[in-house]
Structures are given as structure tokens and as C-alpha cells.
Amino acid sequence: MNTNLSKLLTIMVVLTMLVAALVSCTAPEAEVIEVTRIVEKEVEVTKIVEGETIIETVIETVIETVLEEVEVIKEVEKVVTATPEPVDDRGTLRFADEIEMGGKETLNPPTATRWQPPILFLYDRLFLLDANGELLPRLAVSFEVDEAAQRWVFKLREGVVFHDGKPFTSADVLYSFENIFDPDLDSPVAAVLDMIDPEQIEAPDEHTVVFNLKSGFVDLPMLLVDYRMGIIGEGSLPNIEENPNGTGPFKLVKPDIYGTSVFAAHDDYWDGKPGLAAIEFVGIADAQARTQALLSGQTDLSFNVTLEEAELFVQEPGYKVLEVVTGNWDGIVMDVREPPFDDLRVRQALKLVVDRQEILDVVLQGYGVMAYDHPVWPGDAYQLELDPPHDVEKAKELLAEAGYPDGLDLELISSPVDPYFMPLAVVYQQQAAEAGINIEIRQVPADGYWSGELGWMAAPFFMTSWSQRTADQVLNEALSCDSLWNESAWCNEEFDLAIANARSELDQAKRTEFYQEAQRLAAEDGGTILPYFRTGIWAMKTKVKGLPPIFYKNTLWHEIYIEE
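Residues numbered from 1 in each chain as written. Predicted model: local features only at pLDDT ≥ 70, side-chain atom pairs only at ≥ 80, totals over all residues. Heavy atoms only, no water.

Novice: Hey, could you go over the packing of aromatic side chains for me, with residue numbers and the actual values?
Specialist: All told, the structure shown has 33 aromatic pairs when counted by the stated rule. The interplanar angle of 70° and the centroid separation of 6.4 Å between the aromatic rings of Phe121 and Phe281 together place this pair among those described as edge-to-face. One end of the pair, Phe121, is in helix α2 (residues 116-122); the other, Phe281, is in strand β13 (residues 278-283), with 160 residues separating them in the sequence. Residue Phe121 is classed as buried on the basis of its relative accessible area of 0%. Ring pairing ties together the aromatic residues Phe95, Trp115, Phe121, Phe250, Phe263, Phe281, Phe303, Trp538, Phe551, Tyr552 and Trp557, which thus form one cluster. Stacked on the ring of Phe217, the Lys or Arg Arg503 has its end atom at 5.6 Å from the ring centre. (Phe/Tyr/Trp six-rings, centres within 6.5 Å; stacked < 30°, edge-to-face > 60°. Helix = DSSP H or I, 4+ residues; strand = E, 2+ residues; numbered from the N terminus. Buried < 20%, exposed > 50% of the residue type's maximum accessible area, 1.4 Å probe, protein only. Lys NZ or Arg CZ within 6 Å of the ring centre and 35° of its normal.)

Novice: Give me the lowdown on the confidence of the model for the protein chain, citing residues and values where you can.
Specialist: Any segment with low pLDDT has predicted coordinates that should not be analysed in fine detail. Of the residues in the protein chain, 85% have a pLDDT of 70 or more, and the chain-wide mean is 87. The low-confidence segment residues 1-41 (pLDDT under 50) makes 70 contacts with residues lying over four places distant or belonging to another chain. Across residues 45-51, confidence stays below pLDDT 50; counting only partners more than four residues off in sequence or on other chains, it has 13 contacts. (pLDDT = per-residue confidence, 0-100. Contact = heavy atoms within 4.5 Å.)

Novice: Can you break down the side chain of Asn245 residue by residue, with the values?
Specialist: Structurally, Asn245 can be placed in the loop between α5 (220-223) and β11 (250-254). Polar contacts involving the side chain of Asn245 include one to the main-chain amide nitrogen of His163, which spans 3.3 Å. If near-sequence neighbours (up to four positions away) are discounted, Asn245 is found in contact with Tyr123, Phe162, His163, Asp164, Ile232, Gly233 and Ser236. (Polar contact = N/O pair within 3.5 Å; in protein donor to acceptor, adjacent residues only side chain to side chain.)

Novice: Can you lay out the sheet that holds strand β8 (residues 151-156) for me, pointing to particular residues and giving the numbers?
Specialist: Pairing in this open sheet of four strands is antiparallel, and the strands run β7-β8-β10-β9 from one edge to the other. Only two strands of the sheet have a single neighbouring strand rather than two, namely β7 (140-145) and β9 (196-205). Each strand axis lies, on average, 20° off the axis of its neighbour in the sheet, ignoring direction. (Pairing = 2+ DSSP bridges. Axes fitted to C-alpha atoms, helices over the stretch in contact; angles between N-to-C directions.)

Novice: So what about the pattern of salt bridges? Which residues, and what values?
Specialist: What the rule picks out here adds up to 25 salt bridges. Asp194 is the partner of Arg503 in a salt bridge, and the nearest nitrogen-oxygen pair spans 2.4 Å. Taken together, the residues Arg503 in helix α13 (residues 493-504) and Asp194 in the loop between α4 (188-192) and β9 connect sequence positions 309 residues apart. Residue Asp194 is classed as partly exposed on the basis of its relative accessible area, which comes to 38%. Salt-bridge contacts for Asp335 lead to Arg337; the nearest nitrogen and oxygen are separated by 2.8 Å. (Salt bridge = Lys/Arg side-chain N within 4 Å of Asp/Glu carboxyl O.)

Novice: Can you lay out empty space enclosed by the protein for me, pointing to particular residues and giving the numbers?
Specialist: The probe, sized like a water molecule, is rolled over the atoms to show the empty space still left. Scanning the entire structure with this criterion turns up four cavities of 30 Å³ or more. Lining of the largest cavity is provided by 36 residues; of these, Glu98, Glu100, Gln116, Asn304 and Tyr552 occupy positions nearest its centre. The leading source of residues in the lining of the largest cavity is strand β20 (residues 528-541), at four residues. Across the lining of the largest cavity, the residue classes break down as 17 nonpolar, 10 polar and nine charged. Each pocket or cavity is described by its volume, and for the second largest cavity that value is around 110 Å³. (1 Å grid on protein atoms, 1.4 Å probe; cavity = no way out; pocket = protein on both sides within 12 Å on 5 of 7 lines; lining within 4 Å. Points joined across faces, edges and corners; volume = space filled by probe spheres on them. Nonpolar A, V, L, I, M, F, W, Y, C, P; charged D, E, K, R; others polar.)

Novice: Provide a residue-level description of the state of the cysteines, including the pertinent values.
Specialist: The tally for this structure, following the rule as stated, stands at one disulfide. What pairs with Cys481 in a disulfide is Cys491, and their sulfur atoms sit 1.9 Å apart. In this structure the cystine formed by Cys481 and Cys491 twists about its S-S bond by roughly 100°; its chirality is therefore right-handed. Placement of the pair is Cys481 in the loop between α12 (471-479) and α13 and Cys491 in the loop between α12 and α13, with a sequence separation of 10 residues. (Disulfide = S-S within 2.5 Å.)

Novice: Can you lay out the layout of surface pockets for me, pointing to particular residues and giving the numbers?
Specialist: Computed from the structure, the largest pocket encloses a volume of approximately 720 Å³. Residue lining of the largest pocket: 34 residues in total, with Leu129, Gly133, Met222, Gln468 and Thr470 positioned closest to the centre. Secondary structure elements with two or more residues in the lining of the largest pocket: α5, β15 (319-334), α12 and α14 (508-525). Of the residues belonging to the lining of the largest pocket, the class tally is 16 nonpolar, nine polar and nine charged. Forming the walls of the second largest pocket are 20 residues, and the residues nearest its centre are Ala191, Asp194, Asn476, Asp482 and Arg503. Counting residues per element, the ones that place at least two in the lining of the second largest pocket are α4 and α13. Of the residues forming the lining of the second largest pocket, the biggest block, five residues, is contributed by α13. Class assignment for the residues of the lining of the second largest pocket results in eight nonpolar, six polar and six charged.

Novice: Go over the environment of Val210, please, and point to the residues and values.
Specialist: Structurally, Val210 is set in strand β10 (residues 208-213). Separated by 40 residues in the primary sequence, Val210 and Ser170 place their C-alpha atoms 9.6 Å from one another.

Novice: So what's going on with unusual backbone geometry? Residues and values would help.
Specialist: In this structure, Pro340 follows Pro339 across a cis peptide bond, with omega equal to 5°. With respect to the secondary-structure elements, Pro340 resides in the loop between β15 and α8 (344-352). With a phi angle near 55°, Ile99 is a residue other than glycine that sits in the positive phi range. Topologically, Ile99 is positioned in the loop between β4 (92-97) and α2. The exposure class assigned to Ile99 is buried, which follows from its relative accessible area of 3%. The backbone of Asp186 shows a phi angle near 55°, a positive value even though the residue is not glycine. Checked against the element boundaries, Asp186 lands in the loop between α3 (170-180) and α4.

Have a look at this one:
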């Protein structure tokens, strides 16, 4: 048999073997097995030689697929058997995704409809924050800044490769920030980074990036920890939904927003081979359904359970619960463009009826700290602590002055998308009733709540929830006039000026004064009722290891592992 024929036969054997294996997997009777064999057969060949028809019998090697019970007449030259694939015993972590964007999720990090969970482990950032709130170098290893805090020089990590094997360089950072500042993208984080001059980002060499700012800003690295600033590979945008190319510890295998998405370990990860073989998460919009999925063993982890739900896991063998101090908050939003919320007296009355201690005790059962209608949490050095009064009689007076002497009827939009929404809405409903404010709570479906079609930013009075952010970022992103996510549409020029002054102020004491003035304005004049910051409660199976109690967006995913 010549060499080329031999190679061809080998390829055909392997292909046929794979087809046969697939067929046998679905056969109704396990004992009936198809086997691929190379056999020799006598065959008759008709030839025409000089006008005469000649029939010859020759021995020819052929490929046959036969059943196990079929007797092979000719001698078998070789039986082909499949070699099993090696098994990766590192384990798979499974958790649920709440489908925040109602199926509009995208794998492009800075977009408004970003798909949060996969972005966390597909892409690396320049920095993270550690458990103490300190900068943790990731793709950037160091930085230098001039005295005016306007020119920032970042040194990048060497030896990092993308999922496609391409080395990470400064060109990828430039490409990622061009994407953030793309006006067609309309990214919420573009406003947060508006002190950066996008035309003046430089890459003097493959491992150096220079950010030139429009004005000095001493806290720039703290803004770069945001997960939506994940670094994407240069040129990857056209195929980012099907083939997101990051340097993170996991890479996409199968996306399925409403089903189960699969991500495999990126074993060339620069910070070490991931402890998990894969991550899977299933789309479940309803908060209670996500809890049931964990209790029934369909998932392994939940980053957001209530205290009542946590007690179920404490009593259930094979589960554990972690408490995490966070700046996560829930609130009630008033669209200040719409009556009656366009009247400051009404907004103030709706805040005066709030008994914050009762809300802490009933809604969080003490697992949280008091907030003061501004979103800067106690773990931030710039936080302003206030003493907002609970004054029902004053609330009635303000309502009467605003033209509502007999009280006010309102509809509050809530949803099962978040486990704290309904408890907070019900307690607030009862508190507001003391001032003659009658609130009807209307629940809308969880699926699509955050997409702006059913609930969030689609009604004048609705529930909201935000995760922890630094003072500058959350004040800008949630409350500044031009922010895409200014959900109350509150626009106060004094507030924006205070933020601008804080950003350019190099003296920390003066900078703190400016940030705290912005918080005072938001509390007194803004359109958000913000009563608390939550202690995060995580529930997971005891086999999940390597996950410390830290704000989950700073999780080092490659350090998680499964121990059966």
C-alpha cells in the first residue's frame, strides 16, 4: 500500500470512528456497537483491454462500519478504538445571572448594557482594590505622576497573553480607551473619566501608557479599578460578542443569556493557572428562583441573598455563608422632571417620613449601616456623615405648602429582580402613610427591569440598586447633570461645580470639603431616597474555596477552586 493511500485511509478511519461513536451514543441498545475496521476483500474489476472486456478478481483494502454481531468474512487487518480525552479534575463553578439587561447584554465592557458576570473574568483591568481598599496592580505594575497630577505614566505588565495567544501591549490599552470614549458607544464611564483627554493618550513603547489630563486629578488610579474598564485586545471589537478576546483567567466557550453560558480556564493566565476548569452560569431573572437554584444544588454560589435566605443555608448541610462589608445600596428614585417630584418640598417630605433605623432593623435586620440620601459609603475617606431627621409633622406641612393638604397618592414600581426591593418598598409604604402619602406598589417582571423598558428609569417613582463605587465615581455617575445613569434626572450646577473643584484640588483637606459639599447638596435637594448601605451576604456550597469576603467585583477568579 503506498504512503499517500495509507495516510488517506488513516484520516478516513478517524473521521468514520468519530461519526460511529456519536451514533453509538444515541443507540437504544447499549450492546449494539458499531465498529470501524479496515478489511481486505475480493472484488471483481471490469477492464477493457484492446477492445476485449476482461473481468479480474483482485484483493482490495476497504473501510467498513459493521455491528458487533456481524461476522467479518475476511481477515481483519486493524481494529480502530477511540482514545479517551484526558479529564480535567479541577471542577466547575456554577452560579446564576440575573439577566440585568433583559437579553440586551453585551460583552463590550464599557457599554450601558454590559454583561457583568462574564466581563469580570474575561478581562483584566489595570488595577483592582484589595481587601483593605488599597490599589492592587494587575495589568499595570506601577505609575508616576507629575506635581500637577496631570501627566500619568503607567508601566504595563510584561509576559501577559490574550486568549488568542497574542501578547498584551500598550496598543491594547489605547484601543480599549478609544472604545470607552467612542461617542457612538455613549458609555456611562466616559463621563466618569472626562478629566482624561482622549486625544492625548500616548504609548511611547510597548509597555508604557501615558494619560494626559485636562486638569489635575490625584485619584485617577482609583477610577481605573472599575470592571467596565477591562482591557480588550486590539482589533477585537468587530467580533467581540462571538469571540471576546481578553487576558482574563477564563475564556468564552458558549454564550447563552437565557440558558447556560460556559467559560473555560485560560491556562496561560499570567497570574497562574486557574483553580477551576470552567465557570458556568445560568440566566435566572427572579431573585427567589436564584436562591432555590442554589438550595437545590443547580448552582454553587450566590452573591446576593437576604438574611432570611441565609438562615436556610446555615441550617442546610454542605453550605456556608459569608458576610462582606460593602458600599452596595438600595434606594427609591423620584424623577425630578415629573410632578409632584419637580417640587423640592415634595421631595423633602418624602425623605422626612423615612425612619432609617426601622428600615435597618426590619429590612436588613441590622446587617448594614445608615445612609443619608447620598451614595458615598462609610468605607470611603470622603464620606459625609449627616443626621437626617425623621419628622412626619414637618413632612405634612411641606406637602400642604406644595398643594397637597390632604396627602398624596403615588405608584411605586418594584420588581422581584432584587431580594431587597419589596421589603424596602413595603416598610417605606407604611412609614409614608403616617404623613398621608398613599403608595401603591406595583411589581413588574424581573426580566427586563434594568433595561429601562419596564421599571428602572421608565417610571417617575421606582426602586434602584447600586454596587459599591468610589466617591468621585458614584457622585459623577449617579448624580451629575450629563451622566447617562442619572436616574432621577436631577441637575444641580452647584453640585457639578463642587465635583469639578474636588477633582482639580491637590490639597486633600480642601478636596474633601468639595466632595462633602456635593454630598450635602444631593441629600438636601436630590431625587433619591437612600436609607442604608448593605452588608453583603454570600451563600455557597462548602466545596467552593479560595473566595475571600471582598467586594466581588475585585474577586481574583483564578484563585477559586472546588474541593469535593
